[in-house]
Structures are given as C-alpha cells and as structure tokens.
Amino acid sequence: MTNDAPHDDAQGPDEQHRVPEGVSDATVEALGTLSAAVEVIEHARGLLYGFHRLTGMADLNLGEAVEQLRDAGHTELADRIDSELVGRNVIAGRWTFQVVEDYDDGYYALAKELERTARDELVQGRKHLFEAGMKEDRRSQGRRHHEATPADLAD
C-alpha cells in the first residue's frame, strides 16, 4: 500500500541545484534555454549515430543482395548495384563515420564546451538550476513522491 500522507522534507533542492547568491532569474532562465538547446543537439547526435548505423547495415544488406542476385542469375543487375551503390559515399567524399566524426569534433564539441563555460562562469558549474526551480514550483511539498531530493524519502 502506498502512503501518500504528508511528511517532512527539506525545503528546496540540494546544494548543487541551488542558485548561487547574486545570480539573477534571467541568467538562470538563459542557462536553462542553453541547456535545452544542448539537449536537442544531443538528440540530433543520437539520430546521426542512428543514421550512421542504419546506413552501414543497409550497405551490408546491399552486398548480400548482390550475391543473391548473382546466384539467381541476374549478374548484370548485381554488377550495377555492386559498382554503383555498395560502398558509395553518402555525401561527397564521405561515408557516415566521417560525417559523425566531423559533427562530434566540431559542432557538438563546441556546443558542449560553451555550455560548460557558461555554467562555470555564471553559476559555479551547477547544472539544471532552471529545472530545479521548476520542480520546486510544481511539487506538492510534504507529500510522498514529491520529495525535493532522494534524501527526503520517508522511512
């Protein structure tokens, strides 16, 4: 049985999720927006890796199809697929691993670096301050399953 009765819990987030003194709400909001942008970049990176893996699997399947077409007597079509499509660059001069590497080493690395720099310079490196504030605004203080931190769980 779940006990949803009120209980004591700490007021607010743990120290690492508290806004440092002197930091404005506007700064916290801007860092929250920056963090959200980097999360979208992380998602895009995941999709790019998915694209990389799917394209690689497709190329292996194409090679298998070429062999099957040859075995079935369709040598001319098999030869065309083999010479024109199997192993082809997906972007001029690049296979997907090269696209992934360029993304990781360029755009992605810079986004991560600048977000970290912003947090380090503005809020002592603290993460998710905007979200911690949202949690405080939205949770029902003193209710089970609405604790501020895991340490606030009732026995």
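Novice: How do you make sense of the environment of Ala-148 when you look at a structure like this?
Specialist: Take Ala-148: it is sitting in the segment after α4 (129-138). Accessibility expressed as a relative area gives 8% for Ala-148, which makes it buried. Here the alpha-carbon distance between Ala-148 and Phe-97, two residues 51 residues apart in the chain, equals 43 Å.

Novice: For this particular structure, what's the right way to read unusual backbone geometry?
Specialist: Of all residues except glycine, most have a negative phi; of all peptide bonds, most are trans. The phi dihedral of Gln-124 is positive, around 55°, even though this residue is not glycine. One can find Gln-124 in the loop between α3 (96-123) and α4. Looking at Gln-124, the relative accessible area reads 59%, which means it is exposed. Here His-145, not a glycine, exhibits a phi torsion of approximately 75°, which is positive. Within the element layout of this structure, His-145 appears in the segment after α4.

Calculation rules
Residues numbered from 1 in each chain as written. Predicted model: local features only at pLDDT ≥ 70, side-chain atom pairs only at ≥ 80, totals over all residues. Heavy atoms only, no water. Helix = DSSP H or I, 4+ residues; strand = E, 2+ residues; numbered from the N terminus. Buried < 20%, exposed > 50% of the residue type's maximum accessible area, 1.4 Å probe, protein only.

Any functional reading would require information beyond the geometric quantities listed.
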